[in-house]
Amino acid sequence: RVRGASCVVYVGGGRVVCSLFFFLMIRRPPRSTLFPYTTLFRSENKDYSQAIRLYSKHIQNKPEDKNGFYYRALAYEKTNDDEKALEDFLQTVRLENDYFDAYLHIDSLLAKKSRYEEIVQYWSVYIEQVNTNGRAYLERGGAYMHAGKKVLALKDAKKACELGEKYGCQLLERHSGE
């Protein structure tokens, strides 16, 4: 079976296997489809400068590949180049506006600089696309809280609770008497 499909054909009591099946089983995909996104982040390989070079080359060849930008941003983060990391995470969400993990990193990078209003804006964009993600409401609510907008933060905690996020429910209980 290859990606849920099979090239095995049953004929009567015997079995005929088409050659395409064997071809796909032993043939390695071209390098472009095997781009080692996560390989460069394994514990035994921490050459983030090399990772950045490889991802940059990949992005030149495939500028529409959100994963190239995402993983290069992770490498930039590992080298403490937060500005370039932020640029690449933002490009990731431009290419796919519901890429949750990219929004988490955008949140983290902006929070380092206390840019909470911007965090709220980015989570609002995400929530417009995916309004069933309780964690997104929690994240935006946290930014609201840091920005001094407690009422909006609790509103997001309530929505997160409704969507099954236990921490949202706990926040509501903690602040219910206020």
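Turning next to helix α3 (residues 66–78). Along an α-helix, a turn takes 3.6 residues, which lines up residues three or four apart on a common side. Look at α3: 19 Å from first C-alpha to last across 13 residues, which is about the 18 Å you get at 1.5 Å a residue. With 10 of its 13 residues buried, α3 lies for the most part within the structure. When we look at burial in α3, the residues that qualify are G68, F69, Y70, Y71, R72, A73, L74, A75, Y76 and E77. On the buried face of α3, the contacting elements are α2 (48–61), α4 (82–95) and α5 (100–111). N-cap assignment for α3: the residue whose side-chain oxygen lies 3.0 Å from the backbone N of N67 is D65. Count one or two residues on from α3 and you reach N80, which has phi positive near 65°.

Right, let's talk about unusual backbone geometry for a bit. Non-glycine residue N80 carries a positive phi angle of around 65°. Within the fold, N80 resides in the loop between α3 and α4. Taking relative accessible area as the criterion, N80 reaches 64% and is therefore assigned exposed. For S114, which is not glycine, the phi torsion reads 55° and is therefore positive. Tracing the sequence through the fold places S114 in the loop between α5 and α6 (116–129). When its relative accessible area of 48% is taken as the criterion, S114 is described as partly exposed.

Reading the values: rules and limits
- Residues numbered from 1 in each chain as written.
- Predicted model: local features only at pLDDT ≥ 70, side-chain atom pairs only at ≥ 80, totals over all residues.
- Heavy atoms only, no water.
- Helix = DSSP H or I, 4+ residues; strand = E, 2+ residues; numbered from the N terminus.
- Expected span 1.5 Å × (residues − 1).
- Buried < 20%, exposed > 50% of the residue type's maximum accessible area, 1.4 Å probe, protein only.
- Contact = heavy atoms within 4.5 Å.
- Polar contact = N/O pair within 3.5 Å; in protein donor to acceptor, adjacent residues only side chain to side chain.

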